[in-house]
Each structure stands twice: as C-alpha cells, then as structure tokens.
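Next come the chains, spelled out residue by residue.
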Amino acid sequence: MSGTVRKISLTSDPQASYFLQVDWSVDLTSGFTLMLTDGRSAWIGEVSEDEVMMEAKGMGVSRESYLKDLQQALTGCDGGAGDVKQTYSFQLSPDHCRLSYHKLCDGAMVQVGSVDLQPARDPVPMNREMIAQSLKHTAQLVKENVALLEENRKLKLIHKRILADFNQLVQEKETTEKKLYSCFVTVMKEKKVKIRSLKDELSQLERQKKRRKSQEDGSEETSESIHPSLAPTIITPGHDLTCHGITVEPSDDGQEQYDSQDLGASDVE
C-alpha cells in the first residue's frame, strides 16, 4: 500500500488550508482512496478502477497519460513537468460532498476527475493517521536524503580520484609527446645529414664519370690524329716526287717504287 499526504488550496476558498491523503495499492488507475481534512472536520472518498477508466475515456486519453495527470494532481509529483500548483487546482462543493480536480490546458480548466465525499464520524483518529503518515513519509524522505548524501560523498571521492588520474595521464602524455618529438627531430636531422651526404657522393660520382668520359674521348681523338695511314699511296704518273725528298726507282712491271722510309716521313709530315 502506497500513499502520500500534501497540502492543497481550493479555488473557492484560497485562504483556507486543507490536507489531502491519497492511498492506492498498485497505481492510481487501479483505484484509490482519499481523505480530506481542514484540521477540524474530515471527509473520505473512494474511486474505483472502473470510474478511473471512465474518466480517462471521457477525456479521450490513454491509461498511461491519465495516470500521469492523476499523479500530478493528487500527489503533487510533477515528474519534472513544471509547477503543479499552477497547472492543477481543486474545487470543493459548498456542502463538502464532492471534490473535483482540474488541469489548466491552453488557458482553459479541464476536469481531470472527481470523487464523492462522506463526512467522517470522528475526524480525530483520521487526523492522527494523516499526521502519522506525514511523519512516516518525512522519515522516509530523510532516510533517502541521507542515502543520497552518502552516495554523493562517494561519487565526489570517485570524481576526485578520476580527476587526479586524468591529470596524471595528461602530464604523462605531454612528457611522452616531448620525448617523441625530440627523438623525431634527432632522427630527421640524421636523415637530412645522410641525404645530403648521399647527394654529395652522387654528385662526385657523376663528375668523375663525366671527367673519365671526357678523358677517353680526348685519348681517342689523339690516337686517330697520330696513327699512320695504312692505305697504299698511289703515285700519279707525271708528278715529280724528287722535289719532296722521295726517291722513286723504276720497277720491273713499269710502275715506280719509292723508298719506304722517305714515304713514311712524308706521311708523317
């Protein structure tokens, strides 16, 4: 069995203070009982599950949506929906025989539900029960608050430890990055020196290759210029070679022969 106690005000008598106690077994859509008191008199009422579903059908909403409206109107649990006091209101008939609760929708008040009330024969025990219920609920809230404070304390410790670990990791990360950058710079410098050295060696090899090729080309030209011609020298008849220092002797076949030594000298000249 669950229940809540809350203070409400009536639109017909805003200055008067009333206290509303609501009890249910499963949830409000499966039926509930309520008790209303102003401290001197008390009234009780009950709403069945069928009556709840008739109210939901009359509003044209689902059971879940109607349950949310009932919770907000009767228990004051807004569930983060906003200010319940400004959204929901209560009206009590002049004879205190009917309590209705309304919801403000688009500037118009829409009735969420109502309950018939019966005056209590002896309001004192009911007031005592309501006070006891309020104290019980207060004790439960205090207990939950203590548990939440303890959980909050633990979470703060965990957060503090995580923050310290995070700061440590950030410092280690920065240190590692500096080391890696330093190693990277060192390696890059070594690579640049190596590349520069290889380029110099390559340039030197190319120069040596060009120099060797140039020397070989020069040697070939010199060899061709000083090598004696092996082609036979043709003596043209009628030309006097004596003036050039070449002695020509007649041969048996009628052709002129010349001294090979003088001819070699003439070729060299």
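Residues numbered from 1 in each chain as written. Predicted model: local features only at pLDDT ≥ 70, side-chain atom pairs only at ≥ 80, totals over all residues. Heavy atoms only, no water.

**Side note on the confidence of the model for the protein chain**
This is how it is decided: pLDDT is defined as a per-residue confidence score from the predictor, taking values between 0 and 100. Whether two residues are in contact is decided by their heavy atoms: any pair within 4.5 Å suffices.
Looking at the protein chain as a whole, its pLDDT mean stands at 80, while 78% of the residues score no less than 70. Here residues 79–84 is modelled with pLDDT under 50, and outside its nearest four sequence neighbours on either side it reaches four contacts, counting other chains as well. Across residues 253–269, confidence stays below pLDDT 50; counting only partners more than four residues off in sequence or on other chains, it has 23 contacts.

**Side note on the pairing of strand β3 (residues 32–37)**
Where a strand is regular, its side chains alternate between the two sheet faces. Here is the rule: Three exposure classes are used, based on accessible area relative to the maximum for each residue type with a 1.4 Å probe and protein chains only: buried under 20%, partly exposed in between, and exposed over 50%. A run of DSSP states H or I qualifies as a helix once it reaches four residues; a run of E qualifies as a strand once it reaches two. Both are numbered from the N-terminal end. Here, any two strands with at least 2 DSSP bridges between them count as paired.
In terms of burial, β3 is largely enclosed, as five of its six residues are buried. In this structure, strand β2 (residues 18–24) lies alongside β3, joined through six bridges in antiparallel fashion. Pairing of Val22 across the sheet is with Leu34, part of β3. Bridge analysis of β3 against strand β4 (residues 42–47) gives six bridges, and the strand direction is antiparallel. Paired with Leu36 across the two strands is Trp43, which belongs to β4. Hairpin connection of β3 to β4: four residues between the antiparallel strands, including Gly39 at a positive phi of 100°.

**Topic: the packing of helix α1 (residues 49–59) against helix α2 (residues 63–75)**
The test is simple: Angular values range over 0 to 180 degrees, each being the angle between N-to-C directions of two axes fitted as lines to C-alpha atoms, with helices fitted over their stretch in contact. The labels follow the angle: roughly parallel below 35 degrees, roughly antiparallel above 145, roughly perpendicular from 65 to 115, and oblique for the rest. Classification used: nonpolar for Ala, Val, Leu, Ile, Met, Phe, Trp, Tyr, Cys and Pro, charged for Asp, Glu, Lys and Arg, polar for all others including Gly.
Two elements in contact, α1 and α2, have axes whose closest approach is 10 Å; the angle formed by their N-to-C orientations is 105°. Here α2 runs roughly perpendicular to α1, going by the angle between their axes. Contact residues: Glu49, Val52, Met53, Glu55, Ala56 and Met59 in α1; Arg63, Tyr66, Asp69 and Leu70 in α2. Broken down by class, the residue content of the contact of α1 with α2 amounts to six nonpolar, no polar and four charged.

**Some thoughts on the sheet that holds strand β6 (residues 98–105)**
As summarised here, the arrangement of the seven strands in space is β1-β2-β3-β4-β7-β6-β5, forming an open sheet in which the pairing is antiparallel. Pairing within the sheet leaves two strands with one partner each, and these edge strands are β1 (2–8) and β5 (88–92). Sheet twist, expressed as the mean angle between neighbouring strand axes with direction ignored, is 25°. Against the sheet, α1 touches β3, β4 and β7 (108–119), its axis set at about 160° to β7.

**Some thoughts on α2**
Heads up, the rule is: Helix span is expected to be 1.5 Å times the residue number reduced by one.
The end-to-end C-alpha separation of α2 is 17 Å, in line with the 18 Å expected for 13 residues at 1.5 Å each. Looking only at α2, the buried set comprises Tyr66, Leu67, Asp69, Leu70, Gln72, Ala73, Leu74 and Thr75. One or two residues past the end of α2 sits Gly76, with phi positive at roughly 80°.

**With respect to the side chain of Thr37**
Heads up, the condition is: Residues adjacent in sequence count toward polar contacts only when both atoms are side-chain atoms; beyond that, a polar contact is any pair of N or O atoms within 3.5 Å, and within protein one must be able to donate a hydrogen and the other to accept it.
Tracing the chain through its elements places Thr37 in strand β3. Residue Thr37 is classed as buried on the basis of its relative accessible area, which comes to 3%. Of the polar contacts made by the side chain of Thr37, one reaches the backbone nitrogen of Gly39; its length is 3.0 Å. Within the structure, Thr37 has its side chain in polar contact with the backbone oxygen of Ser41 (distance 2.7 Å).

**What about the nonpolar core?**
Threshold: Residues grouped as a nonpolar core are buried Ala, Val, Leu, Ile, Met, Phe, Trp, Tyr and Cys residues, joined through side-chain atoms within 4.5 Å.
One finds Leu20, Phe32 and Leu70 to be the most contacted residues of the largest nonpolar core, which totals 27 residues. Considering each element in turn, this core owes the most residues, five residues, to α2. Beyond its immediate stretch of four places on either side in the chain, Leu70 contacts Leu28, Phe32, Val52, Thr75, Tyr101 and Val112. Listed in part, the five residues of the second largest apolar core include Met35, Ala42, Met126 and Met130.

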